Amino acid sequence: MSATLTGSAGFLAKFETLQGRLPGDSNMRAAAAAAFRAAGLPGGTQHQRRLESWKYTSLRPVAEARFAPDAPPRHEVETILSGLALLDAPRLVFVDGAYRADLSQPPAIGFASFAEQAEMGTLTWPDREPMVALNTMLASDGASLHVSADQDGGVVQLVSLATRDIDIHPRHCIRLDPGAQLTLLEVSAGQGTYLLNTVAEFHVAEGARLTHVRLQDEASTAFHVSTAYANVAKGGTYDSFTLNIGGRLSRTEVHAELAGVGAVVHLNAAQLLDRTQHGDFTTVIRHVAPNCTSRQTVKNVLSDRSRGVFQGRIEVARDAQKTDGYQMNQALLLSPQAEIDAKPELEIFADDVKCSHGTTVGELDAEQIFYLRSRGVPEHEARSILVRAFLAEALDAVANETVRAWLERSVETWWARRAV
Amino acid sequence: MLDIRGLAASIVGKPILKGIDLTVPEGEVHAIMGPNGSGKSTLGYVLSGREDYEVTAGSVTFNGIDLLGMEPEQRAAAGVFLAFQAPIELPGVNNANFLRTALNALRRSRGQDELDAVQFLKLARAESKRLAMPEDMLKRNVNVGFSGGEKKRNEVLQMAILRPKLAILDETDSGLDIDALRIVADGVNALRGPDFSALVITHHQRLLDHLVPNRVHVLAHGRIVRSGGPELAKELEKSGYAGLIAEAA
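Computed from a prediction, not measured in an experiment: that's the story for all the values here.

*Asks:* Can you walk me through the overall build of chain A in this structure?
*Replies:* Assigned secondary structure in chain A consists of eight helices and 22 strands. Over its C-alpha atoms chain A spans a radius of gyration of 21 Å, differing by no more than 12% from the 22 Å that the globule rule assigns to 420 residues. Along the three orthogonal principal directions, the C-alpha set of chain A runs to about 65 × 50 × 50 Å. Relative to all contacts within chain A whose residues are 6 or more apart in sequence, the contacts with residues 24 or more apart total 85%. By element, 48% of the accessible surface of chain A is carried by carbon and sulfur atoms, the whole surface being about 15800 Å². The positive charge centre, built from 40 side chains, and the negative charge centre, built from 50, are 4 Å apart in chain A.

*Asks:* Explain the sheet that holds strand β3 (residues 29–33) of chain B to me, please; I cannot follow it from the model alone.
*Replies:* Across a sheet, paired strands are connected by hydrogen bonds in the backbone, their directions being either parallel or antiparallel. Residues and elements named next belong to chain B. If you walk across this open sheet you meet the six strands as β6-β9-β10-β3-β11-β12, and the pairing is mixed. Looking at the sheet topology across the chains shown, the edges are occupied by β6 (80–83) and β12 (223–228). With strand direction ignored, the average angle separating the axes of adjacent strands in the sheet is 20 degrees. Across the sheet, helix α5 (residues 148–162) lies against β6 and β9 (166–170), angled at about 165 degrees from β6, the strand it touches most. Of the strands in this sheet, β3, β11 (215–220) and β12 touch helix α8 (residues 231–239), which is tilted by about 115 degrees from β12.

*Asks:* I keep staring at the packing of aromatic side chains and nothing clicks. Help me out?
*Replies:* What describes a pair of aromatic rings is the distance from one ring centre to the other and the angle between the planes of the rings. A full pass over the atoms with the stated rule returns 13 aromatic pairs over all chains. Counting every residue linked through ring pairs, the aromatic cluster contains Phe-370 and Tyr-371 of chain A together with Tyr-45, Tyr-53, Phe-84 and Phe-98 of chain B. For the cation-ring pair, Arg-128 of chain A lies above Trp-125 of chain A, with the distance from its terminal atom to the ring centre recorded as 3.8 Å. Lying over the aromatic face of Trp-54 of chain A, Arg-251 of chain A brings its terminal NZ or CZ to 3.8 Å of the ring centre.

*Asks:* What exactly am I supposed to notice about helix α8 (residues 401–417) of chain A here?
*Replies:* Structural remark: α-helix, 3.6 residues per turn; residues separated by three or four positions point the same way. Residue and element names in this part refer to chain A. An ideal rise of 1.5 Å per residue puts 24 Å on 17 residues; α8 measures up with 24 Å between its terminal C-alpha atoms. Along α8, the residues that are buried comprise Val-403, Arg-404, Trp-406, Leu-407, Ser-410, Val-411, Trp-414 and Trp-415. Where α8 is buried, its residues touch β10 (181–190), β12 (209–217), β14 (237–244), β16 (264–273), β18 (293–302) and α7 (379–395). Between the side-chain oxygen of the N-cap and the backbone nitrogen of Thr-402 there are 3.0 Å, and the N-cap of α8 in question is Asn-400.

*Asks:* Looking at this structure, I do not really get the pattern of salt bridges. What am I missing?
*Replies:* Once their charged atoms are close, side chains differing in charge can pair, the charge on each being opposite to the other. All names here are of chain A. Scanning all chains against the criterion turns up 39 salt bridges over all chains. Measuring nitrogen to oxygen at the nearest pair gives 3.6 Å for the salt bridge that ties Glu-16 to Arg-37. Of the two residues, Glu-16 is situated in helix α1 (residues 7–18) and Arg-37 in helix α2 (residues 26–39); the sequence distance between them amounts to 21 residues. According to the relative accessible area criterion, Glu-16 is partly exposed, its value standing at 44%. Among the salt bridges present, the one from Lys-343 reaches Glu-52, with a minimum N-O distance of 2.8 Å. Here Lys-343 is found in strand β21 (residues 339–348), whereas its partner Glu-52 is found in the loop between α2 and α3 (60–64), with 291 residues between them in sequence. The class for Glu-52 is partly exposed, based on a relative accessible area of 44%.

Parameters and conventions
- Residues numbered from 1 in each chain as written.
- Chains lettered and ligands numbered in written order.
- Predicted model: local features only at pLDDT ≥ 70, side-chain atom pairs only at ≥ 80, totals over all residues.
- Heavy atoms only, no water.
- Helix = DSSP H or I, 4+ residues; strand = E, 2+ residues; numbered from the N terminus.
- Rg over C-alpha atoms; globule rule 2.2 N^0.38 Å.
- Contact = heavy atoms within 4.5 Å.
- Areas by Shrake-Rupley, 256 points an atom, 1.4 Å probe, with all protein chains shown as cover.
- Lys, Arg positive; Asp, Glu negative; His and termini not counted.
- Charge placed at Lys NZ, Arg CZ, Asp CG, Glu CD.
- Pairing = 2+ DSSP bridges.
- Axes fitted to C-alpha atoms, helices over the stretch in contact; angles between N-to-C directions.
- Phe/Tyr/Trp six-rings, centres within 6.5 Å; stacked < 30°, edge-to-face > 60°.
- Lys NZ or Arg CZ within 6 Å of the ring centre and 35° of its normal.
- Expected span 1.5 Å × (residues − 1).
- Buried < 20%, exposed > 50% of the residue type's maximum accessible area, 1.4 Å probe, protein only.
- Polar contact = N/O pair within 3.5 Å; in protein donor to acceptor, adjacent residues only side chain to side chain.
- Salt bridge = Lys/Arg side-chain N within 4 Å of Asp/Glu carboxyl O.

Written as structure tokens, this is what we have:
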């Protein structure tokens, strides 16, 4: 097999080579390959038909990168793993895309790896999303989790590590039966110039509750694309928080459907970016059933020449009366060269709804900095306090204190390592 | 002691202070009075190091060191404290954490051990009780949702905990009722001693009944136009500033 692959053609060639050896439905893969061949990487070539949903993020750097999936590991997995300071809880660890039982600690809930039991799921749209098509074409491993009715699955950590210049396409499927509960901590990190292109789907049945906390702490040379689909039934809750701090370029896309009466969805996030990092948080919330609630608080802290993107679309179907939707996107620009693109969209077909959204962009307040300094707090610490205060509203939404403290440590680390 | 010589300062090119000479010996409380716009608050800001004011002439030494060459946090470490006329709100910053961070930053810079959360809370609770502050003020975000009087008392609480050598109180009495005024005055009086001095900026004689100054200075058009003993404040209360300003002009 060739040593390196580059661009859409490279991915398609990889598919040709692997065809027949990949687990799961080969027809679905072939259809996905056709869709990916037609669409290509968003922004990957100059003359490409532009996708509105990729208006602010171009994957040209991904298209130009050279991946070497067969090269030997260049970095120690133990080093990367210990840097993450994972919680003392069950963990499923994937290294360069493959499940590693030796590094994992299986949970008490149902678990199967995608490699042994390929579950493509039912919520994804490979024909509309080129990166989902790419994943569907090449996915070779991932996690299928199943929490039985009324079972409390506790905390499960889903960890993806990269040790070399590789393209990884994890495929996860998480199902919560009626009344079940789970806190899923999804962590990704690594070293090298790699692409992590995850597709995950979440089925939250009646009265079930899924808390999904993500930490994206990829290598500064890495690309991170994640597309998640959640479907929440009557009285169920999908409560998510995403912290994006790593990667050269990241795109986190979430599609959440409130499908049953009284469903609740929280899509909260924080992005902390510096240098020339690009971080895109894109969400689509579909209110299909009546009396549902959706909440979004998204905070961007942008320094140096970094660029943040937030696209938040809320759709309220005709039958989704008494919908309660709230969306707030805020950016704190720590440098005059930092940039935020924000695109909120409301599409409402029901007549009795409460939907609000807002966007703010600002800098640290000079008076607040002076107030702290006049009390003896050094300037760097004063700025750190104010940045954390800005983030507090989003982080406070993480109810589990252990998890919140763990996220706060990542915020501290980010602040400590960035240039003042 | 605080020694101000020929201090001139401007903001966005507009001169506000036009040559201030003022000496506050250790252990003394001096009041600064004067009409609105005379430069009283600017003096407080310049002494504590706010960056948007430009010092164009003069010097300020505090216990022999050049105050104007120091960053705001270094001045705080040296013992300077400004009670803000309009205390700043810090949404998302817990008041107790704020106070502990400030106290520990000062202790670090003075080579003292930091206080842990338990030690600090014991101190903060005792001080807030002495100032008759509701205990939940420590749990709330800094000055957020505080009434005008609560904000002023929070400034005095910070002063009580940080124990400055020089306190500059910028109209800390404005907007306070009689009881709160007495609490603020008592808070300052409690710190009085040979190592403590204060500059009390005020419009009203009322505060000075409880917080009796050693000297009173009248600031007008960026200069001190008259200095005297505590009786000067009483005289001003009767006759106003008009005569003094005309005299100076």
